[in-house]
Amino acid sequence: MNKKQNRKRIFEIIQIGQRSDMISRLFDYFIVGVILVNIAVLFLETFDELSAYRPVFRVLGWITVGIFVVEYALRIYTADFLYPEVPKGKAVWKFLISFDGMIMLLTILPFFYLSGFGVLRMLRVVRIFHLFRINNSYDSFHVITSVLVEKKNQIFSSVFIIIVLMLSSSLCMYSVEHTRQPEAFSNALSGVWWSMSTIFTVGYGDIYPVTMLGRVMAMIITFLGVGAVAIPTGIISAGFVEHYTRMQTDGTMELGKKQKLSISVDKDSPFLNATVKEVEERFHIVVVVIIRAENILLPSNSQKIEEEDIVVYTPE
């Protein structure tokens, strides 16, 4: 095996594992375990009752960070396989500024340069977001991100409504409560904290109206807040229903049209472990849907084809 093949094999192992690649799957489980240990140490070392074990926690912290450093170096080493369409130097740069690259860097740096600053050391907790790379291989994650992108305008509009309601309720409460509570409602923006806790029905109780008019307004604002906060929830829920319905409808229609142009992927298939983009470019086809364990998946360029998948395609 030459150097390039070795690098490609390393890349396959450290990427999201496919069902047919046991080593890569084991590496995923191992990294998830290391992440959980790192997060657990981060919390356990804050307990005074466990101060006797802090040397152990420190050692575990350094071991897990050492593993993160090795993984980070390997990902830089194999970045050209992650971005094959660009030169190697640019591929490395694209990885460094990617979500995964930034998360890894922010996880590692605090251990080496920010150990004296407690707040900055909390940057280690960003490692938990790296768990998303495991979930990213599943269709459910793509559905969530697609719905959020699809409904972003409606979500922003609903958030804007909530902000307007918070500001207006803060101004109204200042108008009626400032005379009786000049410290709690000292200006038109001082009631924003109260309006936030009221609209979101948290009700901390540290600031509250004492006048009759203020209490009546608080009840009205609470009712309005319940309705306003429910708007983005309804938008997202409806988006999930629409997306899944469209996926099933489109997938079924395309499957009916292209029934004869399908292939079942086995261990000897040239499609195995290749991405949708690689298959389309190599065989000059368009992948319509992928049937995996009775689920119809709409393909994305980076999605890998696994053993036992049924690939429905059409010639270009």
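Residues numbered from 1 in each chain as written. Predicted model: local features only at pLDDT ≥ 70, side-chain atom pairs only at ≥ 80, totals over all residues. Heavy atoms only, no water.

## A few points about unusual backbone geometry
Although it is not a glycine, Asn 273 adopts a positive phi angle of roughly 65°. Of note, Asn 273 is situated in the loop between strand S1 (262–264) and helix H13 (276–283). For Asn 273, a relative accessible area of 29% gives the class partly exposed. Phi is positive for His 284, close to 55°, though the residue is something other than glycine. (Helix = DSSP H or I, 4+ residues; strand = E, 2+ residues; numbered from the N terminus. Buried < 20%, exposed > 50% of the residue type's maximum accessible area, 1.4 Å probe, protein only.)

## Details of the packing of helix H1 (residues 3–14) against helix H3 (residues 54–77)
Interhelical geometry of H1 versus H3 gives an angle of 125° and a closest axis separation of 10 Å. Of the possible angle classes, the one that applies to H1 and H3 is oblique. Crossing of H1 over H3 shows left-handed handedness. For the pair formed by H1 and H3, the contact residues are Lys 3, Arg 7, Ile 10 and Ile 14 on the first element and Leu 74, Arg 75 and Tyr 77 on the second. (Axes fitted to C-alpha atoms, helices over the stretch in contact; angles between N-to-C directions. Parallel < 35°, antiparallel > 145°, perpendicular 65-115°, else oblique. Left-handed = near helix turned anticlockwise from the far one by under 90°. Contact = heavy atoms within 4.5 Å.)

## Things to note about the pattern of salt bridges
Throughout the structure, instances matching the rule amount to 7 salt bridges. A salt bridge links Arg 7 to Asp 80; the shortest N-O distance between them is 2.5 Å. In this pair, Arg 7 is assigned in helix H1 and Asp 80 in helix H4 (residues 79–82), connecting sequence segments 73 residues apart. Asp 80 sits in the buried class, given a relative accessible area of 19%. Taking the shortest distance from any N to any O, the salt bridge between Arg 75 and Glu 71 comes out at 3.1 Å. (Salt bridge = Lys/Arg side-chain N within 4 Å of Asp/Glu carboxyl O.)

## Brief notes about the pairing of strand S4 (residues 310–315)
Of the strand pairs in this sheet, S1 and S4 are connected by 3 bridges, and their pairing is antiparallel. By the bridge assignment, Ser 264 is partnered in S4 with Ile 310. (Pairing = 2+ DSSP bridges.)

## Regarding the pairing of strand S2 (residues 285–292)
Among the 8 residues of S2, 7 are classified as buried, and the element is accordingly described as predominantly covered. Here 6 bridges tie S2 to S4, and the two strands are oriented antiparallel to one another. In the strand pairing of S4, Val 286 is matched with Thr 314.

## Quick look at H3
The terminal C-alpha atoms of H3, which comprises 24 residues, lie 34 Å apart, in line with the 34 Å expected from a rise of 1.5 Å per residue. Of all the positions in H3, only Phe 57, Gly 61, Thr 64, Val 65, Phe 68, Glu 71, Tyr 72 and Arg 75 are classed as buried. (Expected span 1.5 Å × (residues − 1).)

## Details of the environment of Ile 161
Mapping Ile 161 onto the fold places it in helix H10 (residues 152–177). Each C-alpha atom of the pair Ile 161 and Ile 231 lies 9.5 Å from the other, and the pair is 70 residues apart in sequence.

## Side note on the side chain of Ser 195
Relative to the assigned elements, Ser 195 resides in helix H11 (residues 192–199). Here Ser 195 falls in the buried class, since its relative accessible area comes to 0%. Side-chain polar atoms of Ser 195 contact the backbone oxygen of Met 166, separated by 3.3 Å. In terms of polar contacts, Ser 195 uses its side chain to reach the backbone carbonyl oxygen of Val 192, at 2.8 Å. (Polar contact = N/O pair within 3.5 Å; in protein donor to acceptor, adjacent residues only side chain to side chain.)

## Some details on the confidence of the model for the chain
Averaged over all residues, the pLDDT of the chain equals 79, while 82% of them reach at least 70. The weakest mean pLDDT in the chain belongs to helix H7 (residues 118–121) at 53; the strongest belongs to H3 at 89. (pLDDT = per-residue confidence, 0-100.)

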